[in-house]
Amino acid sequence: MQDELTTIAGHTQLSSVDGLAGRLAIRGYPIEELAGRVAYEEAAYLLWHGELPDAPALSAFAGALASRRALHPASLELLRACAAERVAPMDAIGMAAGTLGLGLAPDDAPMTLVARFPTLVAAYWRLLNGHDPIAPRADLGHTANYLYMLDGQLPNAGRVKAVETYLVTLIDHGISASTFAARVIISTQSDVIAAVAGAIGALKGPLHGGAPGPTLRMVLEIGSPDRVEFCLRDRLARGERLMGFGHRDYKVRDPRCGVLAAAAEAVYQAEGDMATYALARQVEEVAVRLLAEHKPGRRLCANVEFYASLLMHGAGLPAELFTPTFAVARAAGWVAHCLEQQRANRMLQPQTVYTGPLGRRWVPIEQRLPKAG
Ligand code: ACO
């Protein structure tokens, strides 16, 4: 979707986003073809190699990831220091991301970074909550192992499927703000670890990856169907944004909403809590109507975070882990973009249109006019 504020940052063969038609495809596969059907490892392989793997290729790729999951002791030391200072999860993960390449040959960084990322998030979550980290298990898939490292319980198949659907759905999305940050960094001939550390910084902001926590809070605070319209109107009247709505690319419903809503429905059905799911559906319906009144012509619809937050909540992930889990999902996408940028690199250096004054003259400090206030 292009408007007067859109800048074309480059070309990619990884994922395509059609904001007017509401379509997202990964390497040409509509997201609806992949989500709920492929494991995270398969989706990562597809992104990196351009084709879905056959069984031996998948087994080799998944095995290579599984064997690289353990963190370097220095990463754990840093996480312990962050937990002692009660550093927020995305800040600690951003700091520790810089250590993910410790002890590696540079060629091994892409695979190891993706393999270690869930271990980093789970270890920090446990340390922050006063528990020792749980060592990764090489016999579990990427998603099941992530969930296992959070609480030491083997997750049931429904929970793994729900979270895997989320991770696959979020694996890549054109040149989003965080992906752009990664590509800018790698384009200076910096390295993959530095690029991903930069991407994490871009992801944590509430306008990008930081939205799902506030989105869930908004739905839970509304609490019951009779309060939906009143609460949403009140929020808009106070000049606040409705979290989980609006998108820079999509002018229709974000296509990821469909797959995530279906996965969320299955989770809430299994938990016997259809009230929360039904409330969210109603919030979406009313919010879209009120946003059309509030910002006519803007075409503000539900974005990925609306159903992502609902799905993760239903799958038992605490809200503090929503953005870190988004980073777990996007790690393979960020790396894929770094590799693509490296293959045909030209430094990304956009220009600005200068709008300030010109031709000013230096004045000695004693002659400068006092500043008001
Ligand atoms: N609620 C109320 N008003 C909104 C919303 C919203 N959710 N989204 C946009 N608007 C309004 C803005 O106030 C603005 O109005 P104005 O032109 O009168 O000032 C207009 O619509 C356009 O808003 P922009 O911020 O310029 O649009 P942009 O395309 O840059 O915004 C964004 C996209 C940042 C996602 C925005 O829709 C938003 O803040 N949404 C809420 C936060 C959110 O859900 N973020 C997750 C995005 S998905 C992702 O990053 C993975």
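Calculation rules
- Within each chain, residue numbers correspond to sequence positions counted from 1 in written order.
- Residue-level local features of this predicted model are given only where pLDDT is at least 70; pairs of side-chain atoms are given and counted only at 80 or more, and the full residue set underlies all totals for whole chains, interfaces and linings.
- Excluding hydrogens and water, the side-chain values take into account all heavy atoms of the structure.
- Numbering of helices and strands runs from the N terminus, with a helix taken as a DSSP run of H or I at least four residues long and a strand as a DSSP run of E at least two residues long.
- Residue count minus one, scaled by 1.5 Å, sets the expected span of a helix.
- Categorising residues by exposure relies on relative accessible area from a 1.4 Å probe, with only protein chains included: less than 20% of the type maximum marks a residue as buried, more than 50% marks it as exposed, and the intermediate range marks it as partly exposed.
- Residues adjacent in sequence count toward polar contacts only when both atoms are side-chain atoms; beyond that, a polar contact is any pair of N or O atoms within 3.5 Å, and within protein one must be able to donate a hydrogen and the other to accept it.
- Residue ranges for the domains trace back to a domain assignment, done automatically or taken from a database.
- Two residues form a contact once any of their heavy atoms are found within 4.5 Å.
- The term salt bridge refers to a pairing of a side-chain nitrogen on Lys or Arg with a carboxyl oxygen on Asp or Glu at a separation within 4 Å.
- Residue classes follow a fixed rule: Ala, Val, Leu, Ile, Met, Phe, Trp, Tyr, Cys and Pro count as nonpolar, while Asp, Glu, Lys and Arg count as charged, and any other residue, Gly among them, counts as polar.
- For this analysis, a ring pair means two rings from Phe, Tyr or Trp (six-membered ring only for Trp) whose centres lie within 6.5 Å, classed as stacked if their planes differ by under 30 degrees, edge-to-face if by over 60, and tilted for the remaining angles.
- Only a single heavy atom is needed: when it lies within 4 Å of a molecule or strand, its residue is near that molecule or strand.
- Residue exposure ignores everything except the shown protein chains as possible cover, and the areas themselves are Shrake-Rupley values with a 1.4 Å probe.

Participant: Lay out helix α8 (residues 157-169) in plain terms, naming residues and giving numbers.
Facilitator: The end-to-end C-alpha separation of α8 is 18 Å, in line with the 18 Å expected for 13 residues at 1.5 Å each. For α8, the tally of buried residues reaches ten of 13 residues, placing the bulk of the element in the interior. Looking only at α8, the buried set comprises Arg159, Val160, Ala162, Val163, Glu164, Thr165, Tyr166, Leu167, Val168 and Thr169. Between the side-chain oxygen at the start of α8 and the backbone nitrogen of Gly158 there is a gap of 3.1 Å, and the oxygen is on Asn156.

Participant: Please provide a residue-by-residue account of the domain arrangement of the chain, values included.
Facilitator: When cut into domains, the chain gives domain 1 (15-209 + 325-344) and domain 2 (212-314). Of the residues lining the interface, 23 residues belong to domain 1; the matching set on domain 2 comes to 20 residues. Remark: the boundary between domain 1 and domain 2 carries zero salt bridges. Linking domain 1 with domain 2 are two residue pairs in polar contact (both at pLDDT 80 or more), by the criterion used here. Counting only elements with at least two residues in the side of domain 1 that touches domain 2, the list comes to β1 (15-18), β2 (23-26), α1 (31-34), α8 and α16 (322-343). In terms of residue class, the side of domain 1 that touches domain 2 is built from eleven nonpolar, eight polar and four charged.

Participant: Which residues make up the packing of aromatic side chains, and what values do they have?
Facilitator: The description of an aromatic ring pair rests on the distance of the ring centres and on the angle between the ring planes. Within the structure shown, the criterion is met by five aromatic pairs. Measuring from centroid to centroid gives 5.0 Å for Phe245 and Phe306, while their planes differ by 50°, and the two rings are tilted. Of this pair, Phe245 sits in the loop between α12 (228-237) and α13 (255-271) while Phe306 sits in helix α15 (residues 304-314), and the two are 61 residues apart along the sequence. Accessibility classification places Phe245 together with Phe306 in one group, the buried group. Each ring, one from Tyr268 and one from Tyr277, has its centre 6.5 Å from the other, and the planes form 35°; the classification is tilted.

Participant: Please give an account of the site of the ligand that cites residues and values.
Facilitator: Within the structure, the ligand sits among 21 residues, and Arg241, Leu242, Arg248, Lys295 and Arg298 are positioned closest to it. Gly244 places a main-chain nitrogen or oxygen 2.9 Å from an oxygen atom of the ligand. Contacts to the ligand include Arg298, whose side-chain N or O atom sits 2.5 Å from an oxygen atom. Starting from 910 Å² of accessible surface for the ligand in isolation, the protein chains cover 78%. A per-class count over the shell around the ligand returns eleven nonpolar, five polar and five charged.

Participant: Please provide a residue-by-residue account of the environment of Ala237, values included.
Facilitator: Checked against the element boundaries, Ala237 lands in helix α12. For Ala237 and His294, which are 57 residues apart along the polypeptide, the C-alpha to C-alpha distance reads 9.3 Å.

Participant: Explain unusual backbone geometry residue by residue, including any values.
Facilitator: Despite not being glycine, Arg86 has its phi angle at roughly 55°, a positive value. Structurally, Arg86 is set in the loop between α4 (73-84) and α5 (89-97). Phi is positive for Arg299, which is not a glycine, with a value near 55°.

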